[in-house]
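Here are the chains, one letter per residue:
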Amino acid sequence: MNNSTTEREVSTMYYTQEQIDRANQADLVSFLQGQGEQLTRAGQEYRWKRHDSLTIRGNKWYRHSQSKGGAPIDFVMEFFGKSFTEAVELLTGEKGAAPPPDRPSPASFSDFRLPPRNPDNRIVRNYLTAVRRIDEDVSGFFFSTGDIYEEAAHHNAVFVGRDEDGVPRYAHQRGTAGNFRLDVKGSDKAFNFCYRGDGERLFVFEAPIDLLSFLCLFKKDWQKQSYLALGGVGDKALMRFLSDRPNIKTVCLCLDSDQAGNDACSRLVELMPEGLTVHRLIPLFKDWNEVQTRRNEITDGKYLREAVYGLKEPPQEETVEIIRMSEVDTQTVEWLWKPYIPFGKVTIVQGNPGEGKTTFALRLAAACTTGGTLPGMKPMQPFQVIYQTAEDGLGDTVKPRLIEAAADLDRVLVIDEAKRELTLSDERIEKAIIQNGARLIILDPIQAYMGDKADMNKANEVRPIFRRLAEVAERTGCAVILIGHLNKAAGGQSAYRGLGSIDFRAAARSVLLIGRVKREPNVRVIIHDKSSLAPEGKPVAFCLDPETGFEWIGEYDITADELLSGAGGNNATKTEQAEKLILDLLADGKELASEDIEKAAADAGISARTVRAAKKNLDGRITSKRIGAAWYHALKK
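A short tour of the structure in this document, coming up.

Basis of the calculations
- Residues numbered from 1 in each chain as written.
- Predicted model: local features only at pLDDT ≥ 70, side-chain atom pairs only at ≥ 80, totals over all residues.
- Heavy atoms only, no water.
- Helix = DSSP H or I, 4+ residues; strand = E, 2+ residues; numbered from the N terminus.
- Rg over C-alpha atoms; globule rule 2.2 N^0.38 Å.
- Lys, Arg positive; Asp, Glu negative; His and termini not counted.
- Charge placed at Lys NZ, Arg CZ, Asp CG, Glu CD.
- Polar contact = N/O pair within 3.5 Å; in protein donor to acceptor, adjacent residues only side chain to side chain.
- Buried < 20%, exposed > 50% of the residue type's maximum accessible area, 1.4 Å probe, protein only.
- Arc of directions from axis to C-beta.
- Phe/Tyr/Trp six-rings, centres within 6.5 Å; stacked < 30°, edge-to-face > 60°.
- Pairing = 2+ DSSP bridges.
- Axes fitted to C-alpha atoms, helices over the stretch in contact; angles between N-to-C directions.
- Left-handed = near helix turned anticlockwise from the far one by under 90°.
- Contact = heavy atoms within 4.5 Å.
- Nonpolar A, V, L, I, M, F, W, Y, C, P; charged D, E, K, R; others polar.
- Parallel < 35°, antiparallel > 145°, perpendicular 65-115°, else oblique.
- Right-handed = clockwise from strand over helix to strand, strands pointing away.

1. Considering the overall build of the protein
Part 1 of the argument: Across its full length, the protein holds 19 helices and 31 strands.
Part 2 of the argument: Over its C-alpha trace the protein gives a radius of gyration of 38 Å, far above what one expects of a compact globule, namely 26 Å for 637 residues.
Part 3 of the argument: C-alpha atoms of the protein, sized along the principal axes, occupy 120 × 60 × 55 Å.
Part 4 of the argument: Counting 85 positive and 91 negative side-chain charges, the protein places the centres of these two groups 2 Å from one another.

2. Examining the side chain of glutamine 19
Part 1 of the argument: In this fold, glutamine 19 is placed in helix α1 (residues 17-24).
Part 2 of the argument: A polar contact is formed between the side chain of glutamine 19 and the side chain of glutamate 94, at a distance of 3.1 Å.

3. Comments concerning helix α4 (residues 84-92)
Part 1 of the argument: Those residues of α4 not exposed but buried are Phe84, Thr85, Ala87, Val88 and Leu91. Taken around the axis of α4, the buried residues stretch over an arc of 165 degrees, which confines them to a single face.
Part 2 of the argument: Just downstream of α4, glycine 93 is the residue with a positive phi angle, here 75 degrees.

4. Let's talk about the packing of aromatic side chains
Part 1 of the argument: Enumeration over the complete set of coordinates arrives at 30 aromatic pairs.
Part 2 of the argument: Judged by centre distance (5.3 Å) and plane angle (40 degrees), the ring pair of phenylalanine 203 and phenylalanine 214 falls under tilted. Separated by 11 residues along the polypeptide, phenylalanine 203 in strand β13 (residues 201-205) and phenylalanine 214 in helix α7 (residues 208-217) bring together distant segments of the chain.
Part 3 of the argument: You can call phenylalanine 203 buried: its relative accessible area is 7%.
Part 4 of the argument: With 5.9 Å between their ring centres and 80 degrees between their planes, phenylalanine 218 and tyrosine 303 make a pair best called edge-to-face. Here phenylalanine 218, found in the loop between α7 and β14 (226-229), pairs with tyrosine 303, found in the loop between α10 (288-293) and β17 (304-312); they are 85 residues apart in sequence, far enough to count as distant.

5. Notes on the pairing of strand β27 (residues 540-545)
Part 1 of the argument: Pairing between strand β26 (residues 520-531) and β27: 4 bridges, direction antiparallel. For valine 523, the partnering residue across the bridge sits in β27 and is cysteine 543.
Part 2 of the argument: The sheet contact formed by β27 and strand β28 (residues 549-555) spans 6 bridges and is antiparallel. The residue of β28 that forms the bridge with alanine 541 is glycine 554.
Part 3 of the argument: Between β27 and β28, which pair antiparallel one after the other, the connecting turn spans 3 residues.

6. Here we look at the sheet that holds strand β15 (residues 250-253)
Part 1 of the argument: Ordered by their spatial adjacency, 6 strands build an open sheet running β12-β14-β13-β15-β16-β17, and the pairing between neighbours is mixed. What marks the edges here is a single partner per strand, and that holds for β12 (194-195) and β17.
Part 2 of the argument: Looking at chain direction, β13 and β14 are connected through 4 bridges and run parallel. Across the sheet, residue phenylalanine 203 finds its bridge partner in β14, namely tyrosine 227.

7. Topic: helix α3 (residues 72-80)
Part 1 of the argument: In terms of burial, α3 is largely enclosed, as 8 of its 9 residues are buried.
Part 2 of the argument: Among all positions of α3, only Pro72, Ile73, Asp74, Phe75, Val76, Met77, Glu78 and Phe79 are buried.
Part 3 of the argument: The first or second residue beyond α3 is glycine 81, which carries a positive phi of 65 degrees.

8. So, unusual backbone geometry
Part 1 of the argument: For the bond running from lysine 338 to proline 339, omega is -5 degrees, close enough to zero to count as cis.
Part 2 of the argument: Structurally, the position occupied by proline 339 is in the loop between β18 (335-337) and β19 (341-342).
Part 3 of the argument: Positive phi, normally seen in glycine, also occurs at arginine 133, with a value near 60 degrees.
Part 4 of the argument: Among the secondary structure elements, arginine 133 is positioned in the loop between α5 (122-131) and α6 (136-145).
Part 5 of the argument: Phi is positive for aspartate 221, which is not a glycine, with a value near 55 degrees.
Part 6 of the argument: Along the chain, aspartate 221 turns up in the loop between α7 and β14.
Part 7 of the argument: Judged by its relative accessible area of 44%, aspartate 221 falls in the partly exposed class.

9. Things to note about the packing of α3 against α4
Part 1 of the argument: Running from N to C, α3 and α4 cross one another at 115 degrees; their axes reach a closest spacing of 9 Å. Here α3 and α4 pass one another in a crossing that is right-handed. Of the residues in α4, those in contact with Pro72, Ile73, Val76 and Met77 of α3 are Phe84, Ala87, Val88, Leu90 and Leu91.
Part 2 of the argument: Considered class by class, the residues forming the contact of α3 with α4 number 9 nonpolar, no polar and no charged.

10. What to know about the packing of helix α17 (residues 574-585) against helix α18 (residues 594-603)
Part 1 of the argument: The contact between α17 and α18 brings their axes to 10 Å, and the two run at 125 degrees. The orientation of α17 relative to α18 falls into the category oblique. Considering only the axes of α17 and α18, their crossing is right-handed. Where α17 approaches α18, its residues Leu581, Ile582 and Leu585 are matched on the opposing element by Ile597, Ala600 and Ala601.
Part 2 of the argument: Taken together, the residues of the contact of α17 with α18 sort by class into 6 nonpolar, no polar and no charged.

11. A short note on the pairing of strand β21 (residues 385-389)
Part 1 of the argument: Here β21 lies mainly inside the structure; 5 of its 5 residues are buried.
Part 2 of the argument: Neither face of β21 is open: one carries Val385, Tyr387 and Thr389, the other Ile386 and Gln388, and all of them are buried.
Part 3 of the argument: The sheet contact formed by β21 and strand β22 (residues 412-413) spans 2 bridges and is parallel. Each residue of the ladder has a partner; that of valine 385, found in β22, is valine 412.
Part 4 of the argument: Following the chain from β21 across helix α12 (residues 394-404) to the adjacent parallel β22, one finds a crossover that is right-handed.
Part 5 of the argument: With 5 bridges connecting them, β21 and strand β23 (residues 440-444) associate as parallel partners.

Put into structure tokens, the structure is as follows:
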């Protein structure tokens, strides 16, 4: 019991803190012997014959069967049925003084006494478990605190309400057979059955049984928050609880789903102090105990009929929302193909047309549907894959290639776009993932799914689309793969070769580049061009042989820039690299100055001398003209 107050007042008398402290220092052994009780010594402790699970030592007691104990005042109230005033008087032999004129005390409290306890709570325990279907760990918690116990005379369930100092001020009896219910005489309804947590949320119920049922339904970390039974639909207990607990910021009204509950919620909302947020949680059936007793009928785990948010909101202040890193849960990345493709994130696979992007995507889909593997990939259980393509026909191209890759076609799904084209912002993506339990979705190509109104070259339009898609991946745990084409900016760094805004690359957690090796035209290489979650993986190659078909080769020594410039694979000569670079730079009818070509070549590690030699070799394919002091080149038509 917490005796932090300087004075304690009850009925027509009150006690000073000094008197209360003196009562709590009383020797319980001497007190019981003075009451004619039989004690047995056990080492430095004593056992009380009437309660063999109870031990006493000085002014402390502990009841082992209920894991509770305390000081002498609690002891006298608990085992002798005394009020707080009577307990202090019995322990000290002193009468309380008359309260000062400005400190009136409710007369009813002097009449309040907890009903005598039955040492065995068996009947009430069985009633709560068998009839009310309350989980034993929930009811057991309140038995251990003494807030629920069995009344001795009629075996009723007693629900105790205490004040902030833990002193019993209210008790409600509920019959274990029939419909008997009654508040104990002298109960103060301002202190109803409750649990006080340290959190900022308070859940409010009509009856203790509903409160216990709610805890069974929503058990995770329940002891962090506060819960209150009103003992009906009155406001007295709620108003007192809020005045005693200024830390409460949100109140959830969990009253019955009937007209009385509806009317009470409307009335209580109007009475709530300013600054509180008020919601209403409506049970699926009439009350929370009916939901708990019929829990087996609810297969989807949805115990709410409706959640009505914002019945009352505090005045909005312009505040900056802050996330403390100490409160952020550390998460481990799950991998579809480590370190190339993570679950729950967006991965981009890009390359030039016809260089193996779709082949790789279909092989990946096939492996996921059959439990197959890619090089270095751990085996996993087969799962559903969503494959969306805007470039290939499902019947004449996609299905035959999936059959060739030995995919399980029942696990390859396509969102029907007949009535409405799909976009990256489409809510159907998340719904399809959840409904089918898909763990991989592939969209090929990116630009086909941007939507008519989005310009993929504008960062301010790309960012919100990708943010929403990344949030879908995060919520569902699904790996999202976007297939993209490269632009024609030959000679530039790989990071700037993706089609559209650079924000595509920035938003993705992993970027894979697929390209053809110039001197080995059947070889395609997958290069890990960006990795935000793990060290970049080594390049991996596969072969597309016209006669033997698809075959994995394994690791391949080449860089992204070498693959894009055609310099990799059997060491192409620098002059050949320069020739390829010049032809790429002048593609699509472009005309460039010599100095611009030499600058792009220098970025690719090619000297000006080698560029001049390459231009001489290409003399029959390019034209040159002088404008002022500069030479300009273009491809011959």
